[in-house]
Amino acid sequence: MTTLPEYNRRVSDRLYLSCWLRPSDQIGGFDQTNLLRQFGTMLELFPFSKLARRGPLLRIYAIEHAEPPLFEREFPIGAKPDAILAAASEFAKEDCTCQVETFWDLWERDEDWRLGPASITLACFGPDFENEHDDDLRIEFGLDARFLPQPWVAGSPRMVQSNIRSLLHLVGDLERALDLERRQVWSESGANFAEVLKQALGTQHVN
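This next bit is on the overall build of the protein. Assigned secondary structure in the protein consists of four helices and seven strands. The order of α-helices and β-strands along the protein, N terminus first, is β-α-β-β-α-β-β-β-α-β-α. Excluding contacts between residues fewer than 6 apart, the proportion of contacts in the protein whose partners are at least 24 apart in sequence is 68%. Of the roughly 11300 Å² of accessible surface on the protein, a fraction of 46% belongs to carbon and sulfur atoms.

Another aspect to go through is the side chain of Asn163. Residue placement: Asn163 occurs in helix α3 (residues 156-177). A polar side-chain atom of Asn163 sits 2.8 Å from the main-chain amide nitrogen of Trp107. Setting aside residues up to four positions removed in sequence, Asn163 forms contacts with Leu106, Trp107, Arg146 and Phe147.

The seven strands are arranged β3-β2-β4-β5-β6-β1-β7 in an open sheet whose pairing can be described as antiparallel. Unpaired on one side and paired on the other, β3 (71-74) and β7 (180-187) mark the two borders of the sheet. On average, each strand axis in the sheet is inclined to that of its neighbour by 20°, with strand direction left out of account. Strand direction decides the pairing type here: strand β1 (residues 14-21) and β7, joined by seven bridges, are antiparallel.

About the criteria used
Residues numbered from 1 in each chain as written. Predicted model: local features only at pLDDT ≥ 70, side-chain atom pairs only at ≥ 80, totals over all residues. Heavy atoms only, no water. Helix = DSSP H or I, 4+ residues; strand = E, 2+ residues; numbered from the N terminus. Contact = heavy atoms within 4.5 Å. Areas by Shrake-Rupley, 256 points an atom, 1.4 Å probe, with all protein chains shown as cover. Polar contact = N/O pair within 3.5 Å; in protein donor to acceptor, adjacent residues only side chain to side chain. Pairing = 2+ DSSP bridges. Axes fitted to C-alpha atoms, helices over the stretch in contact; angles between N-to-C directions.

Pasting the structure below:
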């Protein structure tokens, strides 16, 4: 695999998916019902970990992330997405963001490769929340190392390729189910991680 010049494999980067919804027909702009419905669809499609030892954590922030959470609740393992959404709907306003910190199962290596719970955050943003990307829905996948093969590590290409396919499968499911204007896989550094993923899987298209 040829690494793109602008991408530094030596420095950890964080990987995201941003989704921008099609404008609502509702006069006045923000349609809380539609935003929560789309967020609920994201939660329904998300493959929650079967190996995690704790359940999802819902946090609601107002105005910006620098403020303390307005609301915080941990749900039991196996909690249904509609229960999480019902709790979020009590606080979701134009200036709020709802975040669900949870886990999905990926291959990770300690002394050996194991399938285990990896942290991930799913979020929806009201239009008046401080958000430089102006996206409506977002997934933070965590460090890019989970999705970059390391040929010098035994088993890495095969295991990491499985993680990449999990990511692409989720992105594809969301693209088909959500009412999207556009979506983008991006990295915190601003490097074109989509091209890196394309190279990692050969012919797969991710952006």
